[in-house]
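Letter by letter, the chains look like this.
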Amino acid sequence: MATDSPAVKRLPRAQRREQLLDAATRAFARSGYAATGLDDVAAEAGVTHVILYRHFASKAELYLAVLDRACARLSQDVGPSTGEFDDNAIPALLRAAAADPDAFRLLFRHAAREPEFRDVVDSVRSASAEIAHRHLREAIPAGPWQQWATQLVPALTLEAAIAWLDAGQPDDPVHAAQRISQAIEGVIQAASG
């Protein structure tokens, strides 16, 4: 009896779930949430819809699982959002971005533009702004310029990391982090007036 679909290798549940999350991360990173269907994810994973639905009841549930995993990995690699900013923070962020560029782009490029999931990214950005504030309050007098720098430094850092990925990672994370730190110093100098 002939079948239209290739045989799918049986995997343990946890391993299959990781495979599906990896495939979904790649598919969503290519096109974003709205333009990616479950057909795209199933094809990327090389599985049927039935297998996909055994693990995730909906596209939204799958997307949230992808974002949650990206946040958990970022926290593991960079440190918890309650952490402090030090000389290792930016290199750690770049290493995390390089380790899973699709997840990093998905989290900070695509999910940030999708109203249904923006709260996930907003919580990361809010925690980053709090860390920046704790670091910058000693360097910049309280007031609107300190608030400006508190918002700009995390945004600049994340955008610089994405641009570094998009440029093909032209330097190792430590040297790239030094360049990003120079840009941050420029923000601090500008805000200090």
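It should be emphasised that the depicted structure is a prediction, and the values quoted were computed from it without experimental measurement.

**Q** How would you summarise the packing of helix α8 (residues 144-166) against helix α9 (residues 173-192) if you had to cite specific residues and measurements?
**A** Between α8 and α9, the shortest axis-to-axis distance is 10 Å and the interhelical angle comes to 155 degrees. Considering the angle they form, α8 stands roughly antiparallel to α9. Between α8 and α9 the crossing geometry is right-handed. Counting all contacts with α8, which are made through Trp145, Trp148, Ala149, Leu152, Val153, Leu156, Thr157, Ala160, Ala161 and Trp164, the residues of α9 involved are Pro173, Ala176, Ile180, Ala183, Ile184, Val187, Ala190 and Ala191. When its residues are assigned to classes, the contact of α8 with α9 shows 17 nonpolar, one polar and no charged.

**Q** Could you give an account of the nonpolar core, with specific residues and numbers?
**A** Leu62, Phe104 and Phe108 are the most contacted members of the largest nonpolar core, which has 57 residues in total. If we ignore the near neighbours within four places in the chain, the residues touching Phe104 are Leu74, Leu93, Ala97, Arg109, Leu158, Ala161, Ile162 and Leu165.

**Q** So what's going on with the pattern of salt bridges? Residues and values would help.
**A** Applying the stated rule across the entire model yields 11 salt bridges. In this structure, Glu44 engages Arg26 in a salt bridge whose closest nitrogen and oxygen atoms are separated by 2.7 Å. Placement of the pair is Glu44 in helix α2 (residues 38-45) and Arg26 in helix α1 (residues 13-35), with a sequence separation of 18 residues. According to the relative accessible area criterion, Glu44 is partly exposed, its value standing at 27%. Overlapping salt bridges bring together Glu18, Asp22, Arg69, Arg73 and Asp100 as one network.

**Q** So what's going on with α9? Residues and values would help.
**A** In this model, α9 (20 residues) spans 28 Å end to end at C-alpha, consistent with the 28 Å of a helix rising 1.5 Å per residue. Within α9, burial applies to Ala176, Ala177, Ile180, Ile184, Val187, Ile188 and Ala191. For α9, the arc enclosing every buried residue in end-on projection is 130 degrees, short of the 170-degree limit, so these residues lie on one face. Opposite the buried face of α9, by more than 90 degrees, sit the exposed residues Arg179, Gln182 and Gln189. Its buried side turned inward, α9 meets α5 (89-99), α7 (118-136) and α8. At the N-terminal boundary of α9, the capping side chain belongs to Asp172, with an oxygen 3.0 Å from the backbone nitrogen of Val174. One or two residues past the end of α9 sits Gly193, with phi positive at roughly 75 degrees.

**Q** Now, about unusual backbone geometry: what can you tell me, with residues and values included?
**A** With glycine set apart, most residues show a phi of negative sign, and most peptide bonds adopt trans. Its identity is not glycine, yet Gln169 carries a phi of approximately 55 degrees, on the positive side. Owing to a relative accessible area of 32%, Gln169 belongs among the partly exposed residues under this scheme.

**Q** Account for the packing of aromatic side chains, with residues named and values stated.
**A** Taken as a whole and judged by the stated rule, the model has seven aromatic pairs. Joined through ring pairs, the aromatic side chains of Phe28, Tyr33, Tyr63 and Phe117 make up one cluster. Over the face of the ring belonging to Tyr33 we find Lys59, whose NZ or CZ atom lies 4.3 Å from the ring centre.

**Q** Requested: an account of the side chain of Lys59, with residues and values cited.
**A** Locating Lys59 in the fold gives a position in helix α4 (residues 59-78). Despite being buried, Lys59 has no salt bridge partner; Asp40 is the closest side chain of opposite charge, sitting 7.4 Å away. Contact partners of Lys59, with chain neighbours within four places excluded, come to Phe28, Tyr33, Ala34, Thr36, Gly37 and Leu38.

**Q** Before we move on, can you summarise helix α6 (residues 101-110) with the specific residues and values?
**A** For α6, the tally of buried residues reaches seven of 10 residues, placing the bulk of the element in the interior. Restricting attention to buried positions, one finds in α6 the residues Ala103, Phe104, Arg105, Leu106, Leu107, Phe108 and His110. In this fold, the buried residues of α6 make contact with α1, α4, α5, α7 and α8.

**Q** Report on the confidence of the model for the protein, specifying residues and quantitative values.
**A** Put simply, the protein has an average pLDDT of 89, and 93% of its residues get 70 or more. Looking over the protein, one finds the lowest element-wise mean pLDDT in α7, namely 89, and the highest in α2, namely 96. Here residues 1-6 scores under 50 on pLDDT; set against residues more than four positions off or in separate chains, the count is zero contacts.

Quick notes on the rules
- Residues numbered from 1 in each chain as written.
- Predicted model: local features only at pLDDT ≥ 70, side-chain atom pairs only at ≥ 80, totals over all residues.
- Heavy atoms only, no water.
- Axes fitted to C-alpha atoms, helices over the stretch in contact; angles between N-to-C directions.
- Helix = DSSP H or I, 4+ residues; strand = E, 2+ residues; numbered from the N terminus.
- Parallel < 35°, antiparallel > 145°, perpendicular 65-115°, else oblique.
- Left-handed = near helix turned anticlockwise from the far one by under 90°.
- Contact = heavy atoms within 4.5 Å.
- Nonpolar A, V, L, I, M, F, W, Y, C, P; charged D, E, K, R; others polar.
- Core = buried A, V, L, I, M, F, W, Y, C linked by side-chain atoms within 4.5 Å.
- Buried < 20%, exposed > 50% of the residue type's maximum accessible area, 1.4 Å probe, protein only.
- Salt bridge = Lys/Arg side-chain N within 4 Å of Asp/Glu carboxyl O.
- Expected span 1.5 Å × (residues − 1).
- Arc of directions from axis to C-beta.
- Polar contact = N/O pair within 3.5 Å; in protein donor to acceptor, adjacent residues only side chain to side chain.
- Phe/Tyr/Trp six-rings, centres within 6.5 Å; stacked < 30°, edge-to-face > 60°.
- Lys NZ or Arg CZ within 6 Å of the ring centre and 35° of its normal.
- Lys, Arg positive; Asp, Glu negative; His and termini not counted.
- pLDDT = per-residue confidence, 0-100.

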